[in-house]
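Observations on the three-dimensional arrangement
Residue strings, one per chain:
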Amino acid sequence: MSTRTPLIYTPKILDLFKNPRNLGKMEDATISSQAGSPACGDVITIYLKIDDSRIVDASFESYGCAANIAAASIITEMVKGKTLKEAWDITWEDVTKELGGLPSIKYHCSILAVGGLKRAIRKYFEEVAKIHPEWLPNDLSKEERQALEEEELIERIYRKYGMPP
Ligand code: FES
């Protein structure tokens, strides 16, 4: 018999995990961005369709856990119709609150999802709009920084021990 204690997920997380909204690649996305490392399996891609600085559509792909799928899904719902600035201001704490809470061990799942969103917004300004709005910080947001640190950690581990067979 298993001695593992199951994680307590809110009904909202379970619903979004079982019936994720806006799941799938968006072929005509204006921009997309990934966060996480394919090597460890926790990877999220956010797709945004942007019109006149407003997000008109959003979708996601996730190879993360239930919490990550739920966080990514709720993000795509939260950003639709928002300006890029309004979407940028969404934090992982906002997403966690919107999900009704997360077990603390799963905070990283929400951070990774918001990291993917912020990377997509930053990439849009760098590669598509080719402007730097005054509200967009030069320094990475806490969510982008955390995603980067996780990716670098995984790379270091695989450089040291090699890829699993
Ligand atoms: Fe890594 Fe959830 S995305 S544990």
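Look up: the structure comes first, before these words.
Residues numbered from 1 in each chain as written. Predicted model: local features only at pLDDT ≥ 70, side-chain atom pairs only at ≥ 80, totals over all residues.

Of all 10 residues in strand β2 (residues 42-51), seven are buried; the element is thus mostly enclosed. When strand β1 (residues 31-37) meets β2, the two strands line up antiparallel, connected through seven bridges. Following the sheet pairing, Ser32 is matched in β2 by Tyr47. Where β2 and strand β3 (residues 54-62) come together, eight bridges link them in antiparallel fashion. Looking at β3, one finds that Thr45 is bridged to Glu61. The loop that links β2 with its antiparallel partner β3 comprises two residues; one of these, Asp52, has a positive phi angle of about 55 degrees. (Buried ≥ 20, exposed ≤ 12 C-beta atoms within 10 Å, placed from the backbone. Helix = DSSP H or I, 4+ residues; strand = E, 2+ residues; numbered from the N terminus. Pairing = 2+ DSSP bridges.)

Attention now moves to the packing of helix α1 (residues 11-18) against helix α2 (residues 66-79). At a minimum axis separation of 8 Å, α1 and α2 run at an interaxial angle of 85 degrees. Classed by the angle they form, the pair α1 and α2 counts as roughly perpendicular. Counting all contacts with α1, which are made through Ile13, Leu16 and Phe17, the residues of α2 involved are Ala66, Ala67, Ile69, Ala70, Ser73 and Ile74. Class assignment for the residues of the contact of α1 with α2 results in eight nonpolar, one polar and no charged. (Axes fitted to C-alpha atoms, helices over the stretch in contact; angles between N-to-C directions. Parallel < 35°, antiparallel > 145°, perpendicular 65-115°, else oblique. Contact = placed C-beta atoms within 7 Å. Nonpolar A, V, L, I, M, F, W, Y, C, P; charged D, E, K, R; others polar.)

Turning next to α2. Under the 1.5 Å per step criterion, the end-to-end length of α2 is 20 Å for 14 residues, consistent within 8% with the ideal 20 Å. If you check which residues of α2 are buried, you get Ala67, Asn68, Ile69, Ala70, Ala71, Ala72, Ser73, Ile74, Ile75, Thr76 and Val79. Lining the buried residues of α2 we find α1, β2, β3, α3 (84-88), α4 (92-98) and α5 (107-129). (Expected span 1.5 Å × (residues − 1).)

One open sheet holds the three strands; their spatial order is β1-β2-β3, and the pairing between them is antiparallel. With partners counted over all chains shown, the strands left at the sheet margins are β1 and β3, one partner each. Each strand of the sheet is rotated relative to its neighbour by a mean of 15 degrees, with strand direction disregarded. Each of β1 and β2 touches α5; the most contacted strand, β1, lies at about 140 degrees to it.

Bear in mind that shape data such as this cannot, by itself, settle questions of function.
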